[in-house]
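For reference, the chains in residue letters:
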Amino acid sequence: AILRETGNRKGLAWQLTNVGLNHRNMGNYGDAMEYFMESLKVSREISDSLTIIEALLAIGFTYSYVEKWNDALNYQHQALKIYTQMNDSLGIARIYNDMGVTNMRAGNLGVALKQHQAALAIRLKSTEHYYTFASYLYIGNIYEKLNRLPEAIANYEAGLKYIKYSEFFVSGIDAQLNLGIVYLKTSEYEKAMDAFSSALELSLKIKDGTSEAQASMYIAKVWLAKGEPRRALSWLRKAEKAAPESAIVFLGETYQSIAETYFK
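Our subject in this report is the structure included herewith. (Residues numbered from 1 in each chain as written. Predicted model: local features only at pLDDT ≥ 70, side-chain atom pairs only at ≥ 80, totals over all residues. Heavy atoms only, no water.)

### Some points on helix H7 (residues 109–123)
And then number 1: Spanning 15 residues, H7 covers 21 Å between terminal C-alpha atoms, matching the ideal 21 Å at 1.5 Å per step.
And then number 2: Considered for burial, the residues of H7 that qualify are Leu109, Ala112, Leu113, Gln115, His116, Ala119, Leu120 and Arg123. The arc that holds every buried residue of H7, seen down its axis, measures 170 degrees, which confines them to one face.
And then number 3: Tucked inside the fold, the buried residues of H7 contact helix H6 (89–106) and helix H8 (129–145). (Helix = DSSP H or I, 4+ residues; strand = E, 2+ residues; numbered from the N terminus. Expected span 1.5 Å × (residues − 1). Buried < 20%, exposed > 50% of the residue type's maximum accessible area, 1.4 Å probe, protein only. Arc of directions from axis to C-beta. Contact = heavy atoms within 4.5 Å.)

### Quick notes on unusual backbone geometry
Comment: phi is negative for the bulk of residues other than glycine, and the bulk of peptide bonds are trans.
And then number 1: Look at Glu67: it is not a glycine, yet its phi comes out positive at around 60 degrees.
And then number 2: You can see Glu67 is positioned in the loop between helix H4 (49–65) and helix H5 (69–86).
And then number 3: Take Glu67: its relative accessible area is 56%, and that puts it in the exposed class.
And then number 4: A positive phi angle is found at Asn87, which is not glycine, with a value near 60 degrees.
And then number 5: Here Asn87 lies in the loop between H5 and H6.

### A word on the pattern of salt bridges
And then number 1: If you walk through the whole model with that rule in mind, you get 10 salt bridges.
And then number 2: Between Lys10 and Asp48 there is a salt bridge whose closest N-O contact spans 3.6 Å. Of the two residues, Lys10 sits in helix H2 (residues 9–25) while Asp48 sits in the loop between helix H3 (29–45) and H4, which places them 38 residues apart along the sequence.
And then number 3: A relative accessible area of 15% places Asp48 in the buried class.
And then number 4: Across the pair Lys185 and Glu144 runs a salt bridge, and its minimum N-O distance is 3.1 Å. (Salt bridge = Lys/Arg side-chain N within 4 Å of Asp/Glu carboxyl O.)

### Comments concerning the packing of aromatic side chains
And then number 1: In the structure shown here, the tally under the stated rule is six aromatic pairs.
And then number 2: Where Tyr130 meets Tyr131, the ring centres are 5.5 Å apart and the plane angle is 70 degrees; that geometry is what we call edge-to-face.
And then number 3: Its relative accessible area of 23% is what places Tyr130 among the partly exposed residues.
And then number 4: Residue classification places Tyr131 among the partly exposed positions, given a relative accessible area of 43%.
And then number 5: When the centroid spacing of 6.0 Å and the interplanar angle of 35 degrees are considered together, the rings of Tyr136 and Tyr162 count as tilted. Here Tyr136, found in helix H8, pairs with Tyr162, found in the loop between helix H9 (149–160) and helix H10 (169–185); they are 26 residues apart in sequence, far enough to count as distant. (Phe/Tyr/Trp six-rings, centres within 6.5 Å; stacked < 30°, edge-to-face > 60°.)

### As for a nonpolar patch on the surface
And then number 1: A grouping of Trp14, Leu50 and Met86 is seen on the molecular surface, where their side chains present a nonpolar patch of about 270 Å² in accessible area.
And then number 2: Along the chain, Trp14 turns up in helix H2. (Patch = residues over 30% accessible without salt bridge, like charges linked within 9 Å, V, L, I, M, F, W, Y side chains within 5 Å. Areas by Shrake-Rupley, 256 points an atom, 1.4 Å probe, with all protein chains shown as cover.)

### Some thoughts on the environment of Gln214
And then number 1: Along the chain, Gln214 turns up in helix H12 (residues 209–225).
And then number 2: Residue Gln214 is classed as partly exposed on the basis of its relative accessible area, which comes to 25%.

Take a look at the structure:
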């Protein structure tokens, strides 16, 4: 209300987008969209490129949450055109990344792969270490879905070299877990164990119970694959102990693994 009264239209556009994001985080997509659309309208009236882009991307991701992929890509493409006109290479990389995520979720893996690779090529020329890491992670994930496991491993490992520059430790844990899972699929048990152990170490460092439980459960899977069910069981018990009660789905998976291990 204050922003409307003072005539600070740029501030109003930002605030409308922020309120919309809060609604979206709570799952109120209809309310979120109303705020984003009003933000876009105000932004276009004052011709402010950055607030226009943020509104377009907020709308795009909201469409992707409700699986309206073409609508999502349409708004993301509009943002891409603005960044291209501004000659903002990191902005362009950001949109390629967003479109890659949308296409990946829509199942268009080939297109998504090219978009994430385009984002990575731009980011490798910059000092954006965290986003470079994120691009490698997305690319590794797509290769894993395509069952191109050597390429998945190469990208996860390349990305992990960048995680030391980042404070986003949870992303580093995810990358180590993903790498370990691929090594488990290719029966490279020692390398899988190293990756899961690194994830466990990082989980303990940041006191993240869910990640600690996940890493412990995967270590158990390695021992099971190596024909050591007793060792697997002790790690499953550690996973059970570490998992917070809120991780119901994960606990269910752990108990199933414990039952199977007892059977073996």
